[in-house]
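# Structural overview
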Amino acid sequence: AEAVFKHPWLTVVMDDNYPPYSFRDDQGRLQGIRKEIWDAWAAHNGIEVRVVATDWAKALAYMNTGQADVIDTIFETPERESLYTYSRPYADIDVPIFFHQSISGITGAENLHGFTVGVKAGDACEDWLHAHGIFSTHDYPSFGELVDAAVRNDIRVMCIDKPLANYFLTKRDAETHFRYSKPLYKGQLHWAVFKGSESAFKAVNRGFEQVPQTEIDAIEKKWMGSPLARPAAVIAPYVLYAMATAALLSFAMLLWNRTLRRRVALRTGELESALQALKSSEQHYQALVGTSPVGVFETDAQGLFVFMNERGLRMLGARFEQLRGNHWQHLLHPEDRDESCAAWGASLSLRQVFQRELRFERIGGSALWVLMQARPMDDGDGRFSGFIGTLTDISEQKASEQRIQFLAYHDPLTGLPNRLLIREHYDMAVAHANRSDLGVALLVLDLDHFKNINDSLGHAVGDELLCAVVKILRGCVRDTDTISRQGGDEFLVLLTDQHSADDAANVAAKMLERLSQPIRLEHHELSISLSIGIGMYPTDGEDFDTLLKKADTAMYHAKESGRNAFNFFTSQMNADATQTLMLRSGLARALERQEFVLHYQPQVDLETGRIMGTEALLRWKHPDLGLVPPNRFIGIAENSGLIVPIGEWVIQEACRQAAAWYEAGLPQLTMAVNLSAIQFKRGNLVETVENALFAHRIPAPLLELELTESILIQDTDNVLATVDRLKSIGVKLSIDDFGTGYSSLMYLHRLNVDKLKIDQSFVRDLNDDPDDAAIVQAVIQMAKSLKLRTIAEGVENSQQLDALRRQSCDEVQGYFLGHPMLADDFARHLADWKPLT
Ligand SMILES: Nc1nc2c(ncn2[C@@H]2O[C@@H]3COP(=O)(O)O[C@H]4[C@@H](O)[C@H](n5cnc6c(=O)[nH]c(N)nc65)O[C@@H]4COP(=O)(O)O[C@H]3[C@H]2O)c(=O)[nH]1
């Protein structure tokens, strides 16, 4: 040994602060396992061992400067590997991070960033931390001081060998203030010699072989209570508790782990089979939806389509790209939109199933009837997530329903409404007539001798004829009227908006006239006539059945009176209608037959009291009816357009008469002539007037044209233009019946007229009705402010005349001053006239 070692003794250097292996007691004496083991080594080998126990850094320095043969209580680290040859380890040491209990979550080096880690200077842990990227370390000269700093809270984290920490913390009664992580690494305690001192190494090893194991075990047991292989046993009882708890915990953990694993396995199995079930149910669902005979769709919470199966797409004639992101309500047929949207809104707010028959508009625009059923869905958290539903095509069902409905209300042969439907239409027409103060006519039509055609030519020809008749009848009525077939050869016709019985008579006459032409069928040409009975609402009855009965009676009268005729139920109407017919047919030839004549009514200037003008009033000397007043035929003439040539004749004749009077030596008079609205629309009014004035050399200002308000309210721009042209010729213009219309005031400032004619309805009660008096007064004042003259018509007595004079009316006209009379009579009237005083 002496040759092997530097001296005749063995120098062993070690840490003096590494309990329980090596440390100093309160008196400063060296104590611990390693000291006693080296004592035993010395005793068994007869070689002195000088143990130099000191601060670890110094111990290293002592060794490295060659002052010791052996260094003990040393850990093997990579840095030291090249320096020493190590003995087999004699103890396993955990090196964890100890941290203050207020800190949580430190499990290893990865959590140490941001902390200053306390270490003992030169300790292997420092090397380890640096190697693992932790450089914020703070060195303490000894483990004791490191622990003291931690107990003082100077540092809160320290890296320290577990036995040491336990030893110092227990000594300082601070073990419960700290927790520790799992070991950063496990250190192993060795003794070592310098590399190259193999002989020394062997000698020391051989020396240990001399020491019986029992003795070594005894030493360790003395300091630790159990051999060193169980290092924790050395330390205070709490460590035992901790270890027991840890053991229990790890057992519990194991058990829990195992249970957990089993549970996970079980759950995984469950999930896998659920997934499998889901996959197959998804496939089922896909197959079901794909082959479903109904449309299946899904919307999101906003009502936008997110899915539609093939069938649904085919029904709608769409590709899904055309629907995606579209609100389903955009597809609704406009007529169904409002109600369907309201019903949808209600289902949504009540979270109820939506079910409704409605129409969609296909992509091409055609209508599709569907039964739509949709169920609101939620997203599992109770939030509405959209609708899922079906669309069943019910177009065929609807078509047959409509067909049944149609047949319930229509005649299958002609497609005309039957009696049920015309009855409904009647109620609507009556309601409308009441609102607009008009009448309704119900006509019963029966084809004369239709039975003969059926019997001789067969039912097929009869049917063909009926359809042809319907076509002709349709051409005689307006769209708002209704033609209905009652069966056989009988029809009903409902005429709406009837101003008078004349309207109905006109239609009936038109029907008779049109049907008087032969009807061409496929193989035959047939002549047929009609008998028509007319009932008027409200004159003849108010309810449908009463009116129908009366129209029926009237129809039989028409048949009795020789067929091919129409008949009103009321005798007066019959008479009127007959007369209208006569007038209509006679009017066309009245001009050429020179049946018209003008009567003249004087107009008196109230300032002078003289007759200064006359109004030409048309009369028709009917060969059968005698003298017909204009109110009976002007309307018919206007309807037929005959008013244009008749009106032209009036202007010519009035001018001719004015010239004749002038030539006969009568004073110059203004000649007032009435114009019809139709003359403004058709015909060349301005030219007519120019021609007449020119032909008879009448100064234009002597001709006064009377316009009615009805002229002024239609086609205003044209009327205004014509009025302007007439004015530019120089003729005078007056507004007839002023005050009876409603728009006259509006036109007054735009129309360049000369005179207002106060309607006789205001004059009639001038002295009895204060309202009329006020109106007359107002019209006169307004006219004055507009610099227009006024003439009051219908003056029948002196009281009216006086009142008008008091109100400063300019002119008067009426029976009191002279009835309308023939030209010769007028000339005499004029000659006999005594100016008013
Ligand atoms: N109760 C009563 N009536 C009086 C009195 N003085 C005159 N009359 C009547 O009142 C009507 C005045 O003519 P109007 O307002 O232009 O109303 C005229 C005019 O609008 C129209 N009319 C007459 N002649 C023509 C014409 O040549 N062409 C056009 N388009 N319409 C004409 O026929 C309407 C009726 O003419 P007439 O039957 O001649 O009826 C005339 C006249 O006979 C009176 O003191 N008391």
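Notes on the structure in this doc start here. In this numbering scheme, every chain counts its residues from 1 along its sequence in written order. Local features in this predicted model are restricted to residues whose pLDDT is 70 or higher, and side-chain atom pairs enter the listing and the counts only when it is 80 or higher, whereas totals over whole chains, interfaces and linings include all residues. Calculated side-chain values reflect all of the structure's heavy atoms, with hydrogen atoms and water omitted.

With that settled, consider the overall build of the chain. Runs of E in the DSSP output that reach at least two residues are strands. Runs of H or I that reach at least four are helices, and both are numbered from the N terminus. Scanning the chain from N- to C-terminus turns up 30 helices and 35 strands. Across the 837 residues in the chain, those meeting the buried criterion constitute 47%. When contacts within the chain are restricted to residue pairs at least 6 apart in sequence, long-range pairs at least 24 apart make up 65% of them. Reported accessibility uses the Shrake-Rupley method at a 1.4 Å probe radius. Residues are deemed covered only where the shown protein chains occlude them. When the accessible surface of the chain is split by element, carbon and sulfur atoms take 52% of a total near 41900 Å². Burial status follows relative accessibility: with a 1.4 Å probe on protein chains alone, a residue under 20% of its type maximum counts as buried, one over 50% as exposed, and anything between as partly exposed. Any two residues having at least one pair of non-hydrogen atoms within 4.5 Å are treated as being in contact.

One way to put it is that helix H14 (residues 419-436) packs onto helix H18 (residues 544-560) with a least axis distance of 11 Å and a crossing angle of 110 degrees. Overall, the two elements H14 and H18 adopt an arrangement that is roughly perpendicular. Read as a crossing pair, H14 and H18 show a hand that is right-handed. Contact with H14, carried on its side by Arg 419, Ile 422, Arg 423 and Tyr 426, involves Phe 544, Asp 545, Leu 547 and Leu 548 of H18 and no other residues of that element. Axes here refer to lines fitted to C-alpha atoms; in helices the fit is confined to the stretch in contact. Angles between the N-to-C directions go from 0 to 180 degrees. If an angle is under 35 degrees, it is roughly parallel; if it is over 145, roughly antiparallel; if it lies from 65 to 115, roughly perpendicular; otherwise it is oblique. For any helix crossing, the convention is left-handed if the near helix is rotated counterclockwise from the far helix by under a right angle, and right-handed if that rotation is clockwise.

Our next topic: the site of the ligand. For this purpose, a residue is taken to be near a molecule or strand whenever a single non-hydrogen atom of the residue falls within 4 Å of it. Gln 601, Arg 619, Asn 674, Gln 760 and Glu 796 are the nearest of the 23 residues found near the ligand. Residues adjacent in sequence count toward polar contacts only when both atoms are side-chain atoms; beyond that, a polar contact is any pair of N or O atoms within 3.5 Å, and within protein one must be able to donate a hydrogen and the other to accept it. In this structure, an oxygen atom belonging to the ligand sits 2.9 Å away from a side-chain N or O atom of Asn 674. The separation between an oxygen atom of the ligand and a polar side-chain atom of Glu 793 is 3.2 Å. In isolation the ligand exposes 780 Å². Once the protein is present, 85% of that is buried. Counting only elements with at least two residues in the shell around the ligand, the list comes to strand S28 (611-622), helix H20 (630-640) and strand S32 (732-738). It is S28 that provides the largest number of residues to the shell around the ligand, a total of 4 residues. When its residues are assigned to classes, the shell around the ligand shows 9 nonpolar, 7 polar and 7 charged. Ten residues, namely Ala, Val, Leu, Ile, Met, Phe, Trp, Tyr, Cys and Pro, are considered nonpolar, four, namely Asp, Glu, Lys and Arg, are considered charged, and the remaining ones, Gly among them, are considered polar.

Working definition: two side chains of opposite charge can pair if their charged atoms are close together. The working definition used for a salt bridge is a side-chain nitrogen of Lys or Arg within 4 Å of a carboxyl oxygen of Asp or Glu. Inspection of every chain in the model, using the stated rule, returns 37 salt bridges. The closest approach of N and O atoms between Glu 321 and Arg 319, which form a salt bridge, is 3.7 Å. Both residues of the pair, Glu 321 and Arg 319, belong to the exposed class. Among the salt bridges present, the one from Glu 401 reaches Lys 398, with a minimum N-O distance of 3.3 Å. Placement of both Glu 401 and Lys 398 in helix H13 (residues 395-409) is noted, with a separation of 3 residues, approximately one turn of the helix. The exposure class of Lys 398 is buried, given its relative accessible area of 11%. Counted as one network, the salt bridges with shared partners bring together Asp 605, Glu 704, Lys 755, Arg 789 and Glu 811.

What follows is about the sheet that holds strand S10 (residues 117-120). As summarised here, the arrangement of the 5 strands in space is S11-S10-S12-S9-S13, forming an open sheet in which the pairing is mixed. Unpaired on one side and paired on the other, strand S11 (137-140) and strand S13 (178-180) mark the two borders of the sheet. Each strand of the sheet is rotated relative to its neighbour by a mean of 30 degrees, with strand direction disregarded. The pairing of S10 with S11 spans 4 bridges and is classified as parallel. Note that in S11 the partner of Lys 120 across the bridge is Tyr 140. Whether two strands pair depends on DSSP finding at least two bridges between them.

This part is about the pairing of strand S25 (residues 530-537). Burial of S25 is extensive: 8 of the 8 residues sit out of reach of the surface. Burial along S25 is two-sided: Leu 530, Ile 532, Ile 534 and Met 536 facing one way and Ser 531, Gly 533, Gly 535 and Tyr 537 facing the other are all buried. Where S25 and strand S26 (residues 565-568) come together, 4 bridges link them in parallel fashion. Opposite Ile 534, over in S26, you have Phe 568 as the bridge partner. For the segment spanning S25, H18 and S26, crossover handedness is left-handed. Handedness of a crossover is defined as follows: orient the strands so they point away from the viewer, and if the path from the first strand over the helix to the second runs clockwise, the crossover is right-handed.

Take the sheet that holds strand S17 (residues 354-361) next. Sheet architecture is open: 5 strands sit in the order S16-S15-S19-S18-S17, paired in antiparallel fashion. Looking at strand neighbours, the two that pair on one side only are strand S16 (305-308) and S17, the edges of this open sheet. When the angles between neighbouring strand axes are averaged without regard to direction, this sheet yields 30 degrees. Direction of pairing for strand S18 (residues 367-378) relative to strand S19 (residues 384-393): antiparallel, over a ladder of 9 bridges. Within S19, the position partnered with Ala 374 by the bridge is Gly 389. Contacts from helix H12 (residues 334-350) reach S17, S18 and S19, with the element oriented near 150 degrees to S17.

With that settled, consider the state of the cysteines. Note on terminology: disulfide describes a covalent bond linking the sulfur atoms of two cysteines. The disulfide definition used here is simple: a pair of cysteine sulfur atoms within 2.5 Å. Scanning the entire structure with this criterion turns up 1 disulfide. Sulfur-sulfur distance for the disulfide between Cys 125 and Cys 159 comes to 1.5 Å. Handedness of the Cys 125-Cys 159 disulfide follows from its S-S torsion of about 95 degrees: it is right-handed. Here Cys 125 is found in helix H4 (residues 124-131), whereas its partner Cys 159 is found in strand S12 (residues 157-159), with 34 residues between them in sequence. For the residue pair Cys 125 and Cys 159, the accessibility class agrees, reading buried in each case.

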